[in-house]
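Listed below are the residues making up each chain.
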Amino acid sequence: MTHAGRQRLKLLAFFAIFTLPVAVAWGMVEWRIGIPDGRTAHGELQPSLPLLAQWPLTAVEKDGEGDWLLAFDCPEVCAERADRWWRLHRALGREADRVSRLRIGGGGEPMPGAALAQWTASPEWRADHRLWILDPEGRPVLGYGPEVAASDVLADLRRLLRMNPEPPLARYDQASSVVGGDGDGQ
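## A word on the overall build of the chain
Phase 1: A count of helical and extended segments in the chain gives four helices and six strands.
Phase 2: The 186 residues of the chain split such that 32% are buried.
Phase 3: Long-range contacts, defined here as pairs at least 24 residues apart, represent 69% of the contacts in the chain between residues at least 6 apart.
Phase 4: Of the roughly 11,900 Å² that the chain leaves accessible, carbon and sulfur atoms contribute 59%.

## Overview of helix H3 (residues 150–163)
Phase 1: Compared with the 20 Å implied by 1.5 Å per residue over 14 residues, the 20 Å span of H3 between its first and last C-alpha is a close match.
Phase 2: Within the sequence span of H3, burial applies to Val153, Leu154, Asp156, Leu157, Leu160 and Leu161. Buried residues along H3 cover an arc of 165° about the axis, so they all sit on one side. For H3, the exposed residues lying more than 90 degrees away from the buried face are Ser151, Arg162 and Met163.
Phase 3: Its buried side turned inward, H3 meets strand S2 (68–73), helix H2 (79–91), strand S3 (99–104), strand S5 (131–134) and strand S6 (140–144).

## Topic: the confidence of the model for the chain
Phase 1: Put simply, the chain has an average pLDDT of 84, and 85% of its residues get 70 or more.
Phase 2: Considering each helix and strand of the chain separately, the mean pLDDT is smallest for helix H4 (residues 170–179), with a value of 54, and largest for S5, with 94.

Calculation notes
Residues numbered from 1 in each chain as written. Predicted model: local features only at pLDDT ≥ 70, side-chain atom pairs only at ≥ 80, totals over all residues. Heavy atoms only, no water. Helix = DSSP H or I, 4+ residues; strand = E, 2+ residues; numbered from the N terminus. Buried < 20%, exposed > 50% of the residue type's maximum accessible area, 1.4 Å probe, protein only. Contact = heavy atoms within 4.5 Å. Areas by Shrake-Rupley, 256 points an atom, 1.4 Å probe, with all protein chains shown as cover. Expected span 1.5 Å × (residues − 1). Arc of directions from axis to C-beta. pLDDT = per-residue confidence, 0-100.

Below you can see the structure in the form of structure tokens.
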């Protein structure tokens, strides 16, 4: 093989290195080969629900401004469901301080660390015994029916917290504002 033939072969190999992955990816998308059909979340995506501020509720107070929110609907006294979501909250471990709980409806006192609100009207999208996960800005992310396993909700919540990490200095900023206000602890 001549020198020019080897150079042409190198050029073809160079083009193949860059065009072959594109061709394979196009084929995978076009013929649905190797692309998973399932979804990763156990809950239902809730893009059509309004922001939490637009829900017809009495005043809602979260523990932390940047917290994710577990909001669950209790049309009647629901101590068992409240306990279930309290246990799930504790199962988050060191990430538990990034999540707040909100019980909507029901009688009696809320579980420790949970806020309580009441429906002022019943929106058409509301269903009894639903659970919603809302992001720190109050957007509903996932919704669950009453039959959902707590382990499925825990897996989804852990995934959301992992995919949306807390800013590195967020805890430091909160601690310094409590101690001294200016960050130097004095």
